[in-house]
Amino acid sequence: MKFIQYYLDCLSHASYLVADEESGRAVVIDPQRDVSEYITDAKEMGFTIELVIETHFHADFLSGHLELAKATGAKIVYSSVAEAEFDFIGVADGERYSLGDVTLEFRHTPGHTPESLSIVVYEHADDKVPYGVLTGDTLFIGDVGRPDLLASIGFTREELADKLYDSLHNKLMTLPDATRVYPAHGAGSACGKNLSTELWSTIGDQKATNYALLAPDKPTFMTLVTEGQPPAPGYFVYDAILNRKAHGLLDESKRPEPMTYEQVGNALDAGAVLVDGRSPEEFAAGHLRRAINIGLEGRYAEFAGSILPPDVDIVLFTEPGQEREGKNRLGRIGFDRVIGFLSSPFKTMYDHPDDVQAASRLTAKAFTERVSELPGLQIVDVRNPGEVEAGAIPGAINIPVAALTGRLDELDATVPTVVYCAGGYRSSVAASLLRQRGFVDVSDILGGYQAWTQAVQTA
């Protein structure tokens, strides 16, 4: 058997290729939307990808099932209870599929979503202990899938939490303790609240250490998994719906169109958004006035999907040569309306100094001084609730980045404002959004809450 885990750090997303080396038959599970890596690897190893298997309709990324099926002729597989606008094979609970000696067993594991399934992988058809189980978003390392993401489209979190408990205990915990666990996500994903940085574990280890599996009964479990979840980025419902639809395909080889300064200005006047993909430090040194800073070095697509609507045109500002990367990473969440990129970006800023501004970033010491000088200072903490529980700057208003666009009316755009996060990436995103929305005096804290706590301790 050939078993490959692919891990996409910027979305904390794991996908898999499983093949029988003797027969050369392969499947890909939960692929990212830019699918060339799977195709290249399969070709180099002499495998034919015959199935694209989805563990569920994903909310946090637009999957590559349509792209991979088009490129390889593979059939798409979902649970038999799934409903989609494209052709797929629906597999029953307990159904097996042979790749040769390597065998897959499908188990319906609803809870994170109604159609969730897990895939038990046997290296040899008659093995008593499976090689592993691909759990999708049902079971993570250290956590379980959140049951509240579909609450807005017809399912309550209590209904799904009830199903999740049964799936975990009746379908997954019945596997031998030595069975490896391979989830679809790791730490950083908003699909849970306590995901580990480890990329795989075993059923036995999860029984012993996973807080949700240690719950003594179903009511306790349901309370544990429905409370304290981070706000879901705004694009989650959009992607959960779009993954069911027959939509346009991503051409990952295509670069966006270059645009002049005048063309960009006209696009922004018509409602487009300029996304500056440089680091917070580079952005602060100088940027075009209407730009929002979402650094390519971080969780670019996730935060773009958190603060931008999916139906807006996007213009990219990147370091030369990164335009295609910016477009493809937005494509991974279905944000396909990248109409172009600013050509010669740094020359453009040099030629138009009146349209360039710096961003105010305060050291922790400077922030402390500003607090004492301005009693009415508006402080905004854009971290998630779980982070805030461990400590916060006194007087701060907690509005996570994912909730910011929907809660701007809670803030006063006319008073001096300071934004902070844990380290400085999210605060730059949020501060630039506030400036773009008309806030007159916005700074963020260099180094974030970590820098502030160190400054307090050493003062």
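Residues numbered from 1 in each chain as written. Predicted model: local features only at pLDDT ≥ 70, side-chain atom pairs only at ≥ 80, totals over all residues. Heavy atoms only, no water.

Engineer: Quick rundown of the overall build of the protein? Include the residues and the values.
Structural biologist: Summing up its helical and strand segments, the protein has 16 helices and 24 strands in all. Since a compact globule built from 459 residues should have a radius of gyration of about 23 Å, the 23 Å found for the protein is in line with a globular shape. Counting only C-alpha atoms, the protein reaches 70 × 50 × 40 Å along its principal axes. When each of the 459 residues of the protein is scored for burial, the buried share is 56%. Put simply, of all contacts in the protein between residues at least 6 apart along the chain, 68% involve residues at least 24 apart. Summed over its atoms, the accessible surface of the protein is roughly 18,300 Å², and 50% of this surface lies on carbon and sulfur atoms. Mean positive and mean negative side-chain charge positions of the protein (39 and 66 charges, respectively) differ by 2 Å. (Helix = DSSP H or I, 4+ residues; strand = E, 2+ residues; numbered from the N terminus. Rg over C-alpha atoms; globule rule 2.2 N^0.38 Å. Buried < 20%, exposed > 50% of the residue type's maximum accessible area, 1.4 Å probe, protein only. Contact = heavy atoms within 4.5 Å. Areas by Shrake-Rupley, 256 points an atom, 1.4 Å probe, with all protein chains shown as cover. Lys, Arg positive; Asp, Glu negative; His and termini not counted. Charge placed at Lys NZ, Arg CZ, Asp CG, Glu CD.)

Engineer: Account for the pattern of salt bridges, naming residues and giving values.
Structural biologist: Tallied over the entire structure, the rule returns 25 salt bridges. Among the salt bridges present, the one from Asp-34 reaches Arg-332, with a minimum N-O distance of 2.8 Å. In this pair, Asp-34 is assigned in the loop between β3 (25-29) and α1 (36-45) and Arg-332 in the loop between α10 (323-331) and β18 (338-342), connecting sequence segments 298 residues apart. Among the residues examined, Arg-332 registers a relative accessible area of 12% and is labelled buried. A salt bridge links Glu-158 to Arg-157, with the shortest nitrogen-to-oxygen separation between them at 3.2 Å. Overall, the relative accessible area of 41% leaves Glu-158 in the partly exposed class. Owing to a relative accessible area of 35%, Arg-157 belongs among the partly exposed residues under this scheme. (Salt bridge = Lys/Arg side-chain N within 4 Å of Asp/Glu carboxyl O.)

Engineer: Go over helix α3 (residues 157-172), please, and point to the residues and values.
Structural biologist: Within α3, burial applies to Leu-160, Ala-161, Leu-164, Tyr-165, Ser-167, Leu-168 and Leu-172. Seen from one end, α3 has its buried residues packed into an arc of 165°, which puts them on one side. On the buried face of α3, the contacting elements are β8 (103-108), β9 (117-122), β10 (132-136), α4 (203-209) and α5 (218-226). (Arc of directions from axis to C-beta.)

Engineer: Tell me what's going on with the packing of helix α9 (residues 300-307) against α10, and back it up with residues and numbers.
Structural biologist: Packing of α9 against α10 brings their axes to within 8 Å, and their N-to-C directions diverge by 60°. Here α9 runs over α10; the crossing is right-handed. Contacts between α9 and α10 involve Tyr-300, Ala-301 and Ala-304 from the former and Gly-326, Arg-329 and Leu-330 from the latter. Class assignment of the residues belonging to the contact of α9 with α10 gives a composition of four nonpolar, one polar and one charged. (Axes fitted to C-alpha atoms, helices over the stretch in contact; angles between N-to-C directions. Left-handed = near helix turned anticlockwise from the far one by under 90°. Nonpolar A, V, L, I, M, F, W, Y, C, P; charged D, E, K, R; others polar.)

Engineer: Let's hear about the nonpolar core: which residues, and what values?
Structural biologist: Of all hydrophobic cores here, the largest spans 50 residues; its most connected members are Ile-294, Leu-308 and Ile-314. Elements with a contribution of two residues or more to this core: α6 (235-242), β14 (273-276), α9, β17 (314-317), β18, α14 (401-404) and α15 (425-436). When residues of this core are assigned to their parent elements, the largest contribution, six residues, is made by α15. What Leu-308 contacts, discounting residues up to four positions off in sequence, is Val-273, Val-275, Ile-292, Ile-314 and Phe-335. With 21 residues, the next largest nonpolar core counts Tyr-122, Val-133, Leu-172 and Leu-175 among its residues. (Core = buried A, V, L, I, M, F, W, Y, C linked by side-chain atoms within 4.5 Å.)

Engineer: Describe the environment of Asp-30, and please don't skip the residues or the numbers.
Structural biologist: Following the sequence through the fold, Asp-30 ends up in the loop between β3 and α1. In the structure, Asp-30 is positioned 307 residues away from Arg-337 in sequence and 24 Å away in space, judged by C-alpha atoms. With residues near it in sequence (within four places) discarded, Asp-30 still touches His-13, Ala-14, Ser-15, Ile-53, Glu-54, Thr-55, His-58, Phe-61, Ser-63, Gly-136 and Ala-184.

Engineer: Pulling in residues and values, what's your account of the packing of aromatic side chains?
Structural biologist: All told, the structure shown has 18 aromatic pairs when counted by the stated rule. On the basis of an interplanar angle of 45° and a centroid distance of 6.1 Å, the ring pair of Tyr-78 and Phe-86 is categorised as tilted. Seen in terms of ring centroids, Phe-86 and Phe-88 are 6.4 Å apart; in terms of plane orientation they differ by 65°. Their pairing is edge-to-face. Looking at Phe-86, the relative accessible area reads 9%, which means it is buried. What makes Phe-88 partly exposed here is its relative accessible area of 25%. Three or more aromatic residues joined by ring pairs make a cluster, and in this case those are Phe-3, Tyr-16, Tyr-131, Tyr-182 and Trp-200. Of note, Arg-180 hangs over the ring of Tyr-131, and the distance from its end group to the ring centre comes to 4.2 Å. Sitting over the face of the ring of Tyr-449, Arg-383 holds its NZ or CZ atom 4.3 Å from the ring centroid. (Phe/Tyr/Trp six-rings, centres within 6.5 Å; stacked < 30°, edge-to-face > 60°. Lys NZ or Arg CZ within 6 Å of the ring centre and 35° of its normal.)

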